[in-house]
Amino acid sequence: MAAPELLSDEGYRADGRRPAELRKIRARMGVFAQADGSAYIEQGNTKALAVVYGPHEMRGSRSKALPDRALVNCQYSVATFGTSERRRRPRGDRQTGELALQLQQTFEAAILTQLHPRSQIDIYVQILQADGGNYCAGVNAATLAVMDAGIPMRDYVCACSAGLAEDTPLADLSSPEEAAGGPLLVLALLPASGQIALLQLSARLHQERLEAALEAAGQACRALHAVLDRVVRERLREVTALLGD
């Protein structure tokens, strides 16, 4: 990544943000009445929807049931209209399969699955509009949807990307910033404990540069936690008011 492409002489990015600044976030919970939990999130121009069903009895072969915990089943897809690339199989390609597995591993680290043995929790994430940080937006939407379903978790799961403009770390990359070809770090964090649920790096980095990018992503995840927490508290007030009526 050449710094002039991503950072102006005044220290601003192409979309007007400072290096550590997040894109604008909007989120809602309870967007689907038919699901046990659901949420919609916008991070900049990236839009993600998550729906959760469960915990419920195992579907299909009961031999897959785990005697000591719930099975977390995840699907991840990108809407055919959500990207400039033509996608004939939004759920069938190798990349979305890998992302679904990463989503499963991320939430197995956060959900208290031992409270629901021999059951199944389904998490479906769809990216409605892709403009950078797609997986991260999906994780954040899924966190809100799992909480909307009332499924106990160890902590929020907050995810954010980071990159570098030469030696300056950038948080929450947009699609043009990701396309610039520099190193891309993706972090999913449980902010209260500092536990890392997922860490991915697209290229090798010197330790000092890696630490800078990781710190930028960590700070962004903690800032996201504050935003998601406000959304959850607002949803709680809405539900309490409805029950009061």
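Quick caveat: nothing in here was measured; it's all calculated off a predicted structure.

Reading the values: the criteria
Residues numbered from 1 in each chain as written. Predicted model: local features only at pLDDT ≥ 70, side-chain atom pairs only at ≥ 80, totals over all residues. Heavy atoms only, no water. Helix = DSSP H or I, 4+ residues; strand = E, 2+ residues; numbered from the N terminus. Rg over C-alpha atoms; globule rule 2.2 N^0.38 Å. Buried < 20%, exposed > 50% of the residue type's maximum accessible area, 1.4 Å probe, protein only. Contact = heavy atoms within 4.5 Å. Areas by Shrake-Rupley, 256 points an atom, 1.4 Å probe, with all protein chains shown as cover. Disulfide = S-S within 2.5 Å. Pairing = 2+ DSSP bridges. Axes fitted to C-alpha atoms, helices over the stretch in contact; angles between N-to-C directions. Phe/Tyr/Trp six-rings, centres within 6.5 Å; stacked < 30°, edge-to-face > 60°. pLDDT = per-residue confidence, 0-100. Core = buried A, V, L, I, M, F, W, Y, C linked by side-chain atoms within 4.5 Å. Salt bridge = Lys/Arg side-chain N within 4 Å of Asp/Glu carboxyl O. Expected span 1.5 Å × (residues − 1). Arc of directions from axis to C-beta.

Q: Account for the overall build of the protein chain, naming residues and giving values.
A: For the protein chain, the helix and strand inventory stands at 5 helices and 9 strands. The C-alpha atoms of the protein chain give a radius of gyration of 18 Å, which matches the 18 Å a tight globule of 245 residues would have. If one aligns the C-alpha atoms of the protein chain with their principal axes, the spans along those axes are about 55 × 45 × 35 Å. Relative to its full complement of 245 residues, the protein chain shows a buried share of 47%. Contacts spanning at least 24 positions in sequence make up 68% of the contacts within the protein chain whose residues lie at least 6 apart. When the accessible surface of the protein chain is summed, it comes to about 12,500 Å², and 48% of that surface belongs to carbon and sulfur atoms.

Q: Talk me through the state of the cysteines; I want residue IDs and the actual numbers.
A: Applying the stated rule across the entire model yields 0 disulfides. Here Cys136 stays unpaired: no disulfide links it, and the sulfur of Cys160, its closest cysteine neighbor, is 5.8 Å away. Residue Cys160 is classed as buried on the basis of its relative accessible area of 1%.

Q: Before we move on, can you summarise the sheet that holds strand β5 (residues 119-129) with the specific residues and values?
A: The 5 strands lie next to each other as β1-β2-β3-β5-β4, forming an open sheet whose pairing is mixed. Two strands in the sheet have a free side with no partner beyond their single neighbour: β1 (25-29) and β4 (71-78). In this sheet, neighbouring strand axes are inclined to one another by 15 degrees on average, regardless of whether the strands run parallel or antiparallel. Judged from the 7 bridges that link them, strand β2 (residues 37-43) and strand β3 (residues 46-57) form a sheet pairing that is antiparallel. Residue pairing in the sheet places Tyr40 in a bridge with Leu49 of β3. The sheet strands contacting helix α3 (residues 134-148) are β1, β2, β3, β4 and β5, and the helix crosses β2 at an angle near 145 degrees. Lying on the sheet, helix α5 (residues 207-244) is in contact with β1 and β2; it crosses β1 at an angle near 35 degrees.

Q: Which residues make up the packing of aromatic side chains, and what values do they have?
A: The geometry of an aromatic ring pair is captured by two quantities: the separation of the ring centres and the angle between the planes. One pass over the structure, following the stated rule, counts 2 aromatic pairs. Ring centres 6.1 Å apart and planes at 70 degrees place the aromatic pair Tyr53 and Tyr124 in the edge-to-face group. Taken together, the positions of Tyr53 in strand β3 and Tyr124 in strand β5 put the pair 71 residues apart, joining distant regions of the chain. Tyr53 gets classed as partly exposed once you look at its relative accessible area, which sits at 28%. The exposure class of Tyr124 is partly exposed, given its relative accessible area of 28%. Arranged with centres 6.3 Å apart and planes meeting at 45 degrees, the rings of Tyr76 and Tyr135 form a pair that is tilted. Taken together, the positions of Tyr76 in strand β4 and Tyr135 in helix α3 put the pair 59 residues apart, joining distant regions of the chain.

Q: Can you explain the confidence of the model for the protein chain? Please cite residues and give values.
A: The predicted coordinates of low-pLDDT regions are not to be read in fine detail. Averaged over all residues, the pLDDT of the protein chain is 90; the fraction at 70 or higher stands at 93%. Here helix α1 (residues 3-6) stands out as the element of the protein chain with the lowest mean pLDDT, 59, in contrast to β2, whose mean of 98 is the highest.

Q: Which residues make up the nonpolar core, and what are the values?
A: Phe107, Ile111 and Ile123 are the most contacted members of the largest nonpolar core, which totals 60 residues. Ranked by residue count, the leading element in this core is α5, at 10 residues. The residues contacting Ile123, other than those within four sequence positions of it, are Val51, Val52, Val72, Asn73, Cys74, Gln75, Leu103, Phe107, Ile111, Ala142 and Val146. Among the nonpolar cores identified, the runner-up in size contains 5 residues, and Leu6, Leu7, Ala165 and Leu170 belong to it.

Q: Go over the pattern of salt bridges with me, naming the residues and quoting the values.
A: Enumeration over the complete set of coordinates arrives at 13 salt bridges. For Arg209, the salt bridge goes to Asp167, with nearest N and O atoms at 3.3 Å. Of this pair, Arg209 sits in helix α5 while Asp167 sits in the loop between β6 (158-165) and β7 (168-171), placing them 42 residues apart in sequence. The class of Asp167 is exposed, set by a relative accessible area of 61%.

Q: Help me get a handle on helix α2 (residues 94-108), residues and values and all.
A: Given a rise of 1.5 Å per residue, 15 residues ought to cover 21 Å, and the 21 Å separating the end C-alpha atoms of α2 matches this to within 8%. Among the residues making up α2, those that are buried are Thr96, Leu99, Ala100, Gln102, Leu103, Thr106 and Phe107. Along the axis of α2, the buried residues cluster in a sector spanning 165 degrees; they form a single face. Buried-residue contacts for α2 involve β4, β5, α3, β8 (184-190) and β9 (195-201).

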